[in-house]
Each structure stands twice: as C-alpha cells, then as structure tokens.
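# Structural overview for review
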Amino acid sequence: MSTTPGTPTHGEPGWSARPVRHLYVHVPFCASKCEYCAFYSEASEGELVNRYVRALITELGIVANELAPETVFFGGGTPTLLNCRQWEQVLDALHRLGLDRPAEWTVECNPATLSLDKARLLRERGVNRVSMGVQSLDEDLLDRLGRVHSRDMAFRSYDILRQAGFDNVNLDLMFAIPGQSLETWQRTLTEALAMQSEHLSSYEVIYEEDTPLYVQLKAGRFDVDEDLACEMYDLLVSTARDRGFQQYEVANFASGAVGADGLASRVCRHNVAYWRGRSFHAVGPSASGFVGGVRTRNRANTRLYCDTLEQGERAIDQRDELPPLARAAEIAGFGLRMNLGWPFADFVAATGFDLREEWGDDLRWLVDQGWGELLSDRFRLTDTGLRFADQVIERLLRPEQS
Amino acid sequence: MDRARIRNFSIIAHIDHGKTTLSDRLLHRTGTISDRDMQNQLLDSMDLERERGITIKAHPVTMYYTALDGERYELNLIDTPGHVDFAYEVSRSLSACEGALLIVDAAQGVEAQTVANVHLAMKQDLAIIPLINKIDLPHANVDLVRRQLEDILAIPGEDAIACSAKEGIGIEEILEAIVHRVPAPKETGANSLQALVVDSVYNTFKGVVNYIRVFTGELRAGMNARLYHSGRTVEIKEVGSFNPKPYTRDCLTAGETGYFTANIKSPSDVKMGDSLLDARNPAPPLSGFHEVHPMVFSGIYPIDASDYEHLKVNLAKLQLNDAAFQYQAESSVALGFGFRCGFLGLLHMEIVQERLRREYDMDIIATYPSVIYRVQLTDGEWHEIDNPVFLPEPTFIEQIEEPMVKAFIMCPNDNIGDMLALVSEKRGLLDHTETLDSTRVMMICRLPLNEILIDFHDRIKSITRGYGSMDYEHDGYEASDMVKLDMLVNTDSVDAFSSIVHRTKAEGRGRALAAKLKEVIPRQQFAVAIQAAIGGKIVARETVRAFRKDVTAKCYGGDITRKRKLLEKQKEGKKRMKSIGSVNIPQEAFIAVLKA
C-alpha cells in the first residue's frame, strides 16, 4: 500500500464531525468517600458548591456553541447532593444555552440524597433517566463499602423516582465485594431485579490505587477469590438474561425491544457513544472529554477549577493526543466491550480505518482463541472473549509512535 | 633509571581491607597525584569495580620517591585483581614484581582471600611486607593480627607495619620498607630483551595497549619484537609508563614497568603472560606461562531475537578488555540464537552479565551456569561437556568426572557445626581445620566446583552473620554420579532451565525449581504445567492455573485514557518476556532459576 501508516485510509474519522452530540457534566461532591472510589470528589461545603455552580455555568457557556446534545449525563460524585436552588441555576443555564432537550438525559443519584421535590424538579425540567448507585442491598456490605445509605433508603428512593415520573431507571450493583458470598450476591441480584428497573449496570469491585479498599487488600486484610468472582459474574449474566435483559456491554444490561441497530430500547445511549468513539464534551472538575480526536481532562481540584473559570478560561490540564491509527486502535478495543462487537461500516465511519485491514491478524488470533467471532458484517467477542476484554484491547493497541 | 633503584611491588589484600585506599595514599605521598586529583579509588576505573570493591584490571603506576638515604627511587605499583576467579591474572601480576605489600585489616584479621593470595605470592618467591591496616578503628587488635600472621601464614609478626591508609599513619615507614625490603630487579642472565605481558586494554586509536614488565634488555619504539607464545612478530610503535596517566618514554629498561603499542588490532592476538623478545636475537622466554581456560560456562541470549547482532557487537567490545572472557555462537530450542560464554569463575560471570545489562543496556537472559564435566562414553572416548544440552543419553555414558576445588573457609568457632553441615550438604569433605585465634578457625575442604557456583558464598555469609569468608583453588577432577535435570513447561523442555546435578540432589532440586517457576511464571489464558524430569522420568509437577477472566469492571468515557495507558504498559511488559511454545516467561524466571 502506498499510504503512510497511521493515516485513515477510508475517509475522515467520525471524531472530526461537528457539532458534538454528547455532553458529560461532573459534580464532584460526595456526602462521604466510598472505600472503593478513586473518582475525584470532595465533601461539600455550601460556599464552594455555589462557586462550583457558577464556574460550571461559565464552562457550559464556552462549549455550548459546539454542542447539539443528543445525550446529557450528570455523573459524580453525587449530583443529587446539589440542592434544589443550585439545580435550578444549572437547569436554567442549560435551557438558556439550548442544551436541555437531549433525547436522553441521565442524572446519577445516591439513595440517601434524593427528595421527592428534587426528583420532580429534575423530571419537570427534562431529565428522563436516573442512574441510582445502589451497589448492594446487604446492610453489612454497604457498611463495608462505606456507603452512607441503607438498604431501606434504596427501596424508598426508587419509589420516589417512580413517583416523580421517571420511567427509565438504572440500578448500579457491585459484586465480588470483600466478604460477599455467592448467596448474598444472589439475594441482592434477585431483590434488585424485582424492583423492575429498565437498566442494570453491574461490575466487579476494582482495586484502584489510592483507595482504602486497595490499601486493605495490599495489607492482606482479605484475599481476592477469582473463582468466586467468576461464579458471580456468570450468575449475573444468566439471571439478567432470564429476566429479559439484553447484555449489551461487559457490565451493562438493558430491557426493551431490540431495534434496527441491534440494541435494546433502554440501553444508555450516552455510554454507547463512549464505546463507539464518538466525540463528547465534558465539563466540571476532573471531567474527561473527547473532541476532535483528543482526550482532555479538566483540573481535578474544585477550587483551582473555579479559579481558572473565573478568569473566563476552560480548566483543561491534560491532553492525550494520539496519531489516528493509535486512536483508532483504542476505539477498536473499547468498542469490542459491546456484545454487538464492531459492525465494519460503523468502525470505518468512526475512525477512517478498516478493522479487517489493520487488525486482520489480531482478529484471526482472537477467533483461534475462541474469543472472537467473525461475521459477514461485523466482528464481535464471544462470551468468553468478553471476560478477557482487557487483554483483547491490549492486543489491538498500536504503539503511539507509528 | 638504574636498576638498583627500581622497586616493583604489588598490593594483596582481602576485599575491603584497604588496598585501594593505600594505593591512593602512596600515589599522593609520592606526589604522583595532587591533592586535587586524590579522588577515592583512582585505580579502579570501572564503576562495577568500585561498587564491588574489587579491581579487575591490573594497571601499573610509576612513582618516584626520595628515601631517607637521600637516593631517588622508582617505585612501580602493579595492581592485582583481588579475587581468586582471577588467580592467573594475580599470579601474572605478581610475577612482574619482586615484592608484595600484604594488607590485613586490624579489626577483621586474616581472611580466606588473604591466605589464597599469600600462597600465590610465596609461590613467586616475593618479599612480603605485612601491613596491619586500619589501626585507627576502635576494634583494632594489632597484637592478635601479628599472632595470626605467624600462626596461619608463617610470616614473622614483628615484621608487620601498623598503619592507617585512611588517616595517613605509617605511610613513610611503608615507603621505606618498599625501598629496603623489596629487592632490586635481578638480571636473568639473558643477553637481549625479555619482557612479561601482564595485561592489556583496548584503545580505539592505538589498538591494543599492553602492560609490561621488562626483565632484561630494553624496549624502544621502532624495534621489532616477538611475542613468543602467540608466535607473532610486531613493530613497537610507542612505549611509556603511567603516572598514573600514561605518558610516552624513549625506552623501557630492565626492571621497569610500562606499556607498549604495536598496531595490534585484536586483544586475542596477545596472550596474557606472554614473553616479549627481541625478534632479531631472541632470548629464551620467561617461565610460568600457561593458557587461560574458562572454568564456568553460561549461555547468554537476547530477550528480543532482533538484538542478536547488537549483543554480538557488545560481547566483542567486552572481550577487548577482558581476554579471559570467551564466547561462541550457539542456539537454544527455547531461547533462539545466543552465545555460549566461558568465565574464569562465578564472580567473573556476574560481572560480565552485569556489565552487559548496565553499561550496554542489553536485555539478556543467562542460562544456569555449568562447569566442564569430563564424560567417558561406553566406547571409551572422553568428551568435555560444558552445556547440559550436549550431555549424551545415560545409556551411552560410562562415567562422568566433575571438577573439584580446595576451599579455605574462615568462620567463628560458634559456626563450625553449621558450616560442617553446609559443606556436607554441598557434597564436600573436610580435610583439616586450623585454629586462627581463640575465636576463629580455618576449615580446608574439598568440594565439587558445581556446588559452590551459586549460593555457597552467600550461605557462608548468612551462617556467620557476615564474619565468614571463603576462597578456593582448583583441585583436579573426580568421578561422580551426575544426572541431567530437565524442566518442562507445558511438556516442552526448556533447555535454559536444564542443569547437570548430582543424583542425590536431582529430585530435591527439581521440586524446588518447579515450585519457584510456579511463583514467577505469570498466569496465562490456559493452565501451564511445570515438570521436572530426570532422564525422562517426571519427579515433580506444579501447575500455574489459567486465568478465567479479566476484572469485569465498568469502563466509561473518563476511564478510557487511564485504562489504555495501563494496557499499553502491560503490552510493553509482555514484549520483554520470552515466549516458549505459547507460554510467556518473564526474565525474572530465568534469574529465579539461578537462585532456586
């Protein structure tokens, strides 16, 4: 081939397209810090939260003209920790900037922080999906994780959401928590599914450095039982499928009819955009965005973030730029976390590269391993392959200097 | 300089007894180096030498000293490598001298290496000037050391000079002793040039630079000279001495030391210990020459096969300044193309491997070291085997002989029991014990070389909490019941893990190795069976369990960059592993095997 390596061979990559269709908003405050969490968050202090709200609105103003959001996602931290007045300011700003009519608008909440008034406010102003961080329905394990809510609060908050008119709710559940038995996991899973949410996210505890859980693990306070974690994952996948959920990604399950795109109607479109390598703006302290092929990260410290925005500038302090082929490789890998895999045409549209040309050897290797399946229109991972998604990504990655 | 006012001497000492400090002190006191240049350890030019406190290259230095008798003397210090691995180099340096300063640490007393070095010096008939160094230390016990000198080494204790090289105490007395107790160089009776090639280094501009001691006649630039044992005649381009930097001289005369160059391109063209003679009128060669033979062998392989050429170039560079190091190309089923390398001993091997890794930045794998076994086949023929891979099938073997050493082990009385247990664990026999003083003994033992290759010295240090020491000399061959131990990874025999061991130890070592490999081989996507086999019979088995899954964690927009970077690092790490069959084996596994 005569083309230089690293240049898209099949047209402009999707990440160059404008306007940007997805928006992430980070709310960095938490009532307390969970044992497993490495996310940037801080305890909320009244005045700092107000300052944050003003800075956030400034940042939204800066990116608004590049945006025409199909999805908006408020994550954290604990977005529902903002009080109603602060929420109104944010919601007013989104409205003024024309960002408040996305097809999917999710706000994360913690069971202990949700009042009916707040839920109603969000619903009335256009939020149409809530993701609730339940994590477990076992009191002991909730304590173990350092969560502030109780099992009863989870049920109560869920009822509040339904009462406020939310008909698209996700429950977050964790498994392989230290001290969790297969039985406790089965009970939590059964009880959570009985709540009949539209969506389920469920993932294994990860031990990230700088978290109390990691320190305890390294100190030998408990062991990781891989076999048990495997059984829990198997139980999750089979139970969710039995209840009519479609597993559409390693850790995500959705209900609803399967559409022409092969996805159940209640999938989180915002997260799908991440895995498909689409551009998204991200605002708020420590938020990571992806626009024009470059991943950026905002300053993590809320005060410094506010300082910068009070000067009228965005607070980006990290830029991760990659040559097109390396970026495409990353997108190839992370996209295969979806059960659908990569339709070849979609991959070309997203990156400008053909999966079969650039990664032909790797795809064959994956098929030989029993990890991959080559179909006429796409490549996808098998059930076994999905369990090794990290190693698949590692294999597909291309060195930065090519 | 008049031969009568030349003194050639060496310094011999146990490691850390202060040899380098004394050398520097002598150079400083004679004005050879200035205060400003007096950096520590001037003569040890390689970092590794400094780190390990040993000298590998023998580097002669000329000093001028005006003695109390008013005469000006030329003192030539011919440095020696301290370690017994380099015994031949030591004896070569010693044979260029008439005297030796023997340093003994006033607090530590006589050590194993002291004994071995004194034996070498006595064989050369050198005048020995004992020095009791570090008398400034609080634990110094000069009287005790004097008694040890007499009891162990048969050197009159009252001859010893008490000194502190660090504090500059007794330096004058030492210089006077060199002048008065070391004999002036003697005539050999020959009627033309006789010079001894002590060592050589490679210089990019001049080619091989040879360090020499002239015994008879004189050596001038322009002369045609004959290297007797290598059978080459060369034209001398340059002669000179060191002060301690090299400087050119018109000629080197009888009794003097220095260097010469002669457009010699490759160090292998010069044999260490060779005699340099006048080509037109050659005198008889000097006695004592013998070829250097490596005693320990190990394969060195690049981790990345594409580094093979690079490794080859670097081995050649290393050899330029280390004529005792030998290598030749070989290939391994498991490791691909590499080199079989021969070393004088274990320390020598470690130094070469370390230099390749550090100075040349090479990622290498070294295989389990082997000694040379003499193998007699059933047809009566004898073979020398230095690589387990080439050991014939047992049915073809009549008998195997292994090299033995005579070891001098010094240890505190309290540790005699543990030390005897160690010697017997290593298949050694105690020959006899000598009492050093009220607290220490010297055990003289006979052991197989193969048993002291790996951890013997470390074990002695740990049993005696650092107080013990050991040195050895080669002591012939002995018939022994040796077998080949193979390690199989998923049924593939990994030749790099193979070793020749005594039958009584094979099974235990097999089990230990299998357990060790289980620890260091990372889990893969399939189970990995690790087996130890003796002559096809499996004696141990361990299994590295398969991964059942990765952590099935969430992964959203903000997680991608960090996760990608983590995976990039993992991918990079795997490149540094060696694939054997479909199993990735990290470099650490090969090192762990050495230590198992």
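Residues numbered from 1 in each chain as written. Chains lettered and ligands numbered in written order. Predicted model: local features only at pLDDT ≥ 70, side-chain atom pairs only at ≥ 80, totals over all residues. Heavy atoms only, no water.

### Points about the sheet that holds strand β13 (residues 294-298) of chain A
Residues and elements named next belong to chain A. As summarised here, the arrangement of the 3 strands in space is β12-β13-β14, forming an open sheet in which the pairing is antiparallel. Here the strands that pair on one side only, and so sit at the sheet edges, are β12 (288-291) and β14 (316-321). If you compare each strand with its neighbour and ignore which way they point, the axes differ by 25 degrees on average. (Pairing = 2+ DSSP bridges. Helix = DSSP H or I, 4+ residues; strand = E, 2+ residues; numbered from the N terminus. Axes fitted to C-alpha atoms, helices over the stretch in contact; angles between N-to-C directions.)

### Things to note about the packing of helix α1 (residues 46-63) of chain A against helix α10 (residues 302-310) of chain A
Residues and elements named next belong to chain A. Taken N-terminus to C-terminus, the directions of α1 and α10 make an angle of 50 degrees; their axes are 9 Å apart at the nearest point. Here α1 is positioned oblique relative to α10, judged by the angle of their axes. Like other packed secondary-structure pairs, α1 and α10 cross with a definite hand, here left-handed. Each of Leu48, Arg51, Tyr52, Ala55, Leu56, Thr58, Glu59 and Ile62 in α1 lies in contact with α10, whose residues at this interface are Thr302, Arg303, Tyr305, Cys306, Asp307, Leu309 and Glu310. Grouping the constituent residues of the contact of α1 with α10 by class yields 8 nonpolar, 2 polar and 5 charged. (Parallel < 35°, antiparallel > 145°, perpendicular 65-115°, else oblique. Left-handed = near helix turned anticlockwise from the far one by under 90°. Contact = heavy atoms within 4.5 Å. Nonpolar A, V, L, I, M, F, W, Y, C, P; charged D, E, K, R; others polar.)

### A look at the pairing of strand β19 (residues 336-343) of chain B
All names here are of chain B. Judged by how many residues are buried, β19 sits mostly within the fold: 6 of 8 residues are covered. The pairing of strand β17 (residues 296-302) with β19 spans 5 bridges and is antiparallel. Bridge assignment links Phe297 to a residue of β19, and that residue is Gly342. Pairing geometry for strand β18 (residues 326-332) and β19, over 7 bridges, is antiparallel. Residue Gln326 lies in a different strand from β19, and its bridge partner there is Gly342. (Buried < 20%, exposed > 50% of the residue type's maximum accessible area, 1.4 Å probe, protein only.)

### As for the interface of chain B and chain A
On the side of chain A, 44 residues touch chain B, which itself brings 27 residues to the contact. Across the interface of chain B and chain A, roughly 3400 Å² is buried in total on both sides, 52% from carbon and sulfur atoms. Along the contact surface separating chain B from chain A lie 8 salt bridges. For Asp320(A), the salt bridge goes to Arg564(B), with nearest N and O atoms at 2.7 Å. Remark: the boundary between chain B and chain A carries 19 residue pairs in polar contact (both at pLDDT 80 or more). (Buried area = accessible area lost by both parts, 1.4 Å probe. Salt bridge = Lys/Arg side-chain N within 4 Å of Asp/Glu carboxyl O. Polar contact = N/O pair within 3.5 Å; in protein donor to acceptor, adjacent residues only side chain to side chain.)

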